[in-house]
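A structural walkthrough
Single-letter residue listing:
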Amino acid sequence: MAVLDANSPYTLQHQLKKEFYEKIASKEWLPGQLIPSEKELCDEYGVSRITVREALRELVQANYLVRKQGKGTFVAAPTVEYTLSSVFSLSKELEAKGLESKFTIVDFAKEKPGNFYQGAFRIPAEERVVCITRVRTINGEAYAYEESVVPERYLMGASAEDIDQFGLYPTMKKCSELFPEYADESVESVICPDKVAAAMGIRNKSAVFRVKRYTFAREKCVEYCKSYVYGQRYNFHHTIRQR
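Residues numbered from 1 in each chain as written. Predicted model: local features only at pLDDT ≥ 70, side-chain atom pairs only at ≥ 80, totals over all residues. Heavy atoms only, no water.

The subject of this paragraph is the nonpolar core. Judged by nonpolar contacts, the single largest core of 16 residues is most densely connected at Leu16 and Phe20. For this core, the secondary structure elements donating two or more residues are helix H1 (12-25), helix H2 (38-45) and helix H3 (49-61). Of all the elements, H3 adds the most residues to this core, at four residues. With residues near it in sequence (within four places) discarded, leucine 16 still touches Leu4, Tyr45, Val47, Thr51, Val52 and Ala55. Residues Ile132, Ile163, Tyr169 and Ala217 belong to the second largest nonpolar core, which totals 13 residues. (Core = buried A, V, L, I, M, F, W, Y, C linked by side-chain atoms within 4.5 Å. Buried < 20%, exposed > 50% of the residue type's maximum accessible area, 1.4 Å probe, protein only. Helix = DSSP H or I, 4+ residues; strand = E, 2+ residues; numbered from the N terminus. Contact = heavy atoms within 4.5 Å.)

Here's what the structure looks like:
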């Protein structure tokens, strides 16, 4: 335990926040771990409860800690950085960082396309589309709710079990020999729809990113995906270069 210096030019609150941050950075306090109570921290560091509370509050605001009503304060799960020019291998990128990524299918249906999908995919009204709704988790924490729509011709014969076991794009490649080559995305901040918040286990009316993506292979649009991404668990990174 570091000894706080009452004669330091830095306040006890600042020193305490730094001490807590170092515990998180060094993995002494692990992601998802319940940290000691305010009283226990007061006793350990010999400071007032308000000093502890304010140091914790700043780390909560910075998304290093998470307060859970009636349970206490926990170390936040690491946020995921998504580069807008990234490739279609986010799961592998996460695994390389030691994070476990998992999709759970919550709905799988085949429907007639409305005007929007007929235009996006350039398919006739009688051809069906496959609608797949999934929740993505990282280390057990839900961070994205995805609604993917794919023309049935690119997933002919595929089942929800195939997509659950192998993934959407590998299944598409197996069924049609098509694999995504590029995508156009738009991102905006919105209030999370209630059904999405319930599926992700976050508070109603939370602010989320809504990502709309058109995915292409061989100059054909093969998927339209609308995702809701929880900002406290996910960061966007966009590099802009002068041509």
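From this point on, the discussion continues.
So, about unusual backbone geometry. A positive phi angle, close to 55°, is found at arginine 122, a residue other than glycine. If you trace the backbone, arginine 122 turns up in the loop between helix H5 (115-121) and strand S5 (129-138). What makes arginine 122 exposed here is its relative accessible area of 77%. Within the chain, lysine 205 stands out as a residue other than glycine whose phi angle is a positive 70°. Structurally, lysine 205 can be placed in the loop between helix H8 (194-200) and strand S8 (207-217).

This paragraph deals with the pairing of strand S2 (residues 72-75). Two strands pair when backbone bridges link them, and strand S1 (residues 65-68) and S2 are joined in this way by four bridges, in the antiparallel orientation. Residue pairing in the sheet places leucine 65 in a bridge with valine 75 of S2. Between S1 and S2, which pair antiparallel in sequence order, lie three residues; one of them, glycine 70, sits at a positive phi of approximately 80°. (Pairing = 2+ DSSP bridges.)

Another point: the environment of alanine 160. Here alanine 160 lies in helix H6 (residues 160-166). For alanine 160 and phenylalanine 108, which are 52 residues apart along the polypeptide, the C-alpha to C-alpha distance reads 6.2 Å. In contact with alanine 160, other than residues within four places in its own chain, are Ile105 and Phe108.

Let's shift gears to the pairing of S8. Regular strands place their side chains on alternate faces of the sheet. In this sheet, S8 lies alongside strand S7 (residues 182-191) in antiparallel orientation, the contact comprising ten bridges. Bridging across to S8, glutamate 188 finds its partner in arginine 210. Of the strand pairs in this sheet, S8 and strand S9 (residues 220-230) are connected by ten bridges, and their pairing is antiparallel. In the strand pairing of S9, arginine 210 is matched with tyrosine 228. Where S8 folds back onto S9 in an antiparallel hairpin, the turn is made up of two residues, including arginine 218, whose phi is positive at roughly 50°.

A few words now on the sheet that holds S9. With respect to topology, six strands assemble into an open sheet ordered S4-S5-S6-S9-S8-S7, the strand pairing being antiparallel. Two strands lie at the open edges of the sheet, namely strand S4 (101-111) and S7, each paired on one side alone. Pairwise comparison of adjacent strand axes, ignoring direction, gives a mean angle of 15° for this sheet. As paired strands, S4 and S5 are joined by ten bridges and run antiparallel to one another. Bridged to serine 101 within S5 is isoleucine 138. (Axes fitted to C-alpha atoms, helices over the stretch in contact; angles between N-to-C directions.)

Let us look at the packing of H2 against H3. At their nearest, the axes of H2 and H3 sit 9 Å apart, and the two run at 115° to each other. The orientation of H2 relative to H3 falls into the category roughly perpendicular. Crossing angle aside, the handedness with which H2 passes H3 is right-handed. Within the contact between the two elements, H2 uses Glu38, Lys39, Leu41 and Cys42 and H3 uses Arg49, Val52, Arg53 and Leu56. Across the contact of H2 with H3, the residue classes break down as four nonpolar, no polar and four charged. (Parallel < 35°, antiparallel > 145°, perpendicular 65-115°, else oblique. Left-handed = near helix turned anticlockwise from the far one by under 90°. Nonpolar A, V, L, I, M, F, W, Y, C, P; charged D, E, K, R; others polar.)

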